[in-house]
Amino acid sequence: STEPFVASVSEPSSFTEFTGSAVEMSEYHAVYPYSLLQSWNGSVAHVLVPEVQTAVKGSFADDLNVSVAKTSRKDMSLRFHNVLGYVKFILPQEYDSIVSVSVTANGGEALAGPAAIDCSEEQPIALPSDETSSVVTLRSPTAMEAGAYYIAVIPGTYSSGLTFTFETSDYSEAVLEISRELQMNAGQIRN
């Protein structure tokens, strides 16, 4: 389809009905959110995982739960699978002036940028392209409140770990390095 399918849901639900129009096919693939879809190539969706993400206390920005689904014309039920991983961190009350947190893959592995997802796979994941970034930044227009935050990343093995750089509103920085190998799977949340 050249236009997104839409659902009219006003509260969280485990089931919804999408409406739209598409050319009749034997199999259909879907990507959520439509806004991150760059192109299709057969059953492969090309998406963009933002290098700069908006901080949302207790969650992640609305457009960062990248999920894909497939169905047959006979079934017409889409079962979405998360394709990104999520790094979770908790800001304590005493750190009330943090405005951005950057995560860097110490081994240069991909964390954000263009990625390809083979929607025909049973367990699809986002695979990085050649133009990805090893840094992803979570930003807030004001100081972040104490609580949990999530950063969406391209799944993979980070051979030398991750480095977190916390920046305050007065441009001070604090760095936390995890220097062991870390594995991130699609749909996984790592503390």
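Use the structure listed above.
Bear in mind the structure is a predicted one, so any value in this text is a computation, not a measurement.

Trainee: Could you clarify how one ought to interpret the sheet that holds strand β14 (residues 147-153) in this entry?
Mentor: Hydrogen bonds between backbone atoms are what pair the strands of a sheet, whose relative direction is either parallel or antiparallel. Across the sheet, three strands lie side by side as β14-β9-β19; this open sheet has mixed pairing. Among the strands making up the open sheet, the edge pair consists of β14 and β19 (189-190). Two strands pair when backbone bridges link them, and strand β9 (residues 85-91) and β19 are joined in this way by two bridges, in the parallel orientation. Counterpart to Y86 in the pairing with β19 is I189.

Trainee: Even after reading the chapter, I still don't get the packing of aromatic side chains, so can you show me in this structure?
Mentor: How two aromatic rings sit relative to each other is set out by the distance from centre to centre and by the angle between their planes. Evaluation of the coordinates by the stated rule reveals six aromatic pairs. Both rings, one in F89 and one in Y149, keep their centres 5.9 Å apart while their planes meet at 20°; by these two values the pair is stacked. Note that F89 is positioned in strand β9 and Y149 in strand β14, a separation of 60 residues in sequence. Its relative accessible area of 8% is what places F89 among the buried residues.

Trainee: Sorry if this is basic, but what is going on with the pairing of strand β5 (residues 44-49) here?
Mentor: Consecutive residues of a regular strand have side chains that alternate between opposite faces of the sheet. With burial as the criterion, only one face of β5 is covered, namely that bearing A45, V47 and V49; the residues V44, H46 and L48 on the opposite face remain uncovered. Pairing between strand β4 (residues 37-41) and β5: four bridges, direction antiparallel. The residue of β5 that forms the bridge with W40 is A45. Adjacent in sequence and paired antiparallel, β4 and β5 are bridged by two residues, among which G42 carries a positive phi angle near 70°. The pairing of β5 with strand β11 (residues 113-118) spans six bridges and is classified as antiparallel. Its bridge partner lying in β11, H46 is registered against A116.

Trainee: It is not clear to me how unusual backbone geometry should be interpreted in this structure. Could you clarify?
Mentor: What you tend to see is this: most non-glycine residues have negative phi, and most peptide bonds are trans. Note the cis peptide between Y32 and P33, where omega equals -5°. Turning to its location among the elements, P33 is positioned in the loop between β3 (27-32) and β4. Positive phi is not limited to glycine here, since M76 has a value of about 60°. With respect to the helices and strands, M76 occurs in the loop between β7 (67-72) and β8 (81-82). You will see that Y171, though not glycine, has its phi angle at about 70°, which is positive.

Trainee: What am I meant to see in the pattern of salt bridges here?
Mentor: Opposite charge on two side chains allows them to pair when their charged atoms are near. In total, this model carries four salt bridges according to the counting rule given. Residue R73 pairs with E24 through a salt bridge whose shortest N-O separation is 2.2 Å. Of this pair, R73 sits in the loop between β7 and β8 while E24 sits in the loop between β2 (18-19) and β3, and the two are 49 residues apart along the sequence. Residue K70 is joined to E122 by a salt bridge in which the shortest nitrogen-to-oxygen separation is 3.8 Å. With K70 in strand β7 and E122 in the loop between β11 and β12 (126-128), this residue pair connects regions lying 52 residues apart in the sequence. Its relative accessible area of 29% is what places K70 among the partly exposed residues.

Conventions and cut-offs
- Residues numbered from 1 in each chain as written.
- Predicted model: local features only at pLDDT ≥ 70, side-chain atom pairs only at ≥ 80, totals over all residues.
- Heavy atoms only, no water.
- Pairing = 2+ DSSP bridges.
- Helix = DSSP H or I, 4+ residues; strand = E, 2+ residues; numbered from the N terminus.
- Phe/Tyr/Trp six-rings, centres within 6.5 Å; stacked < 30°, edge-to-face > 60°.
- Buried < 20%, exposed > 50% of the residue type's maximum accessible area, 1.4 Å probe, protein only.
- Salt bridge = Lys/Arg side-chain N within 4 Å of Asp/Glu carboxyl O.

Keep in mind these numbers describe shape, not what the thing actually does.
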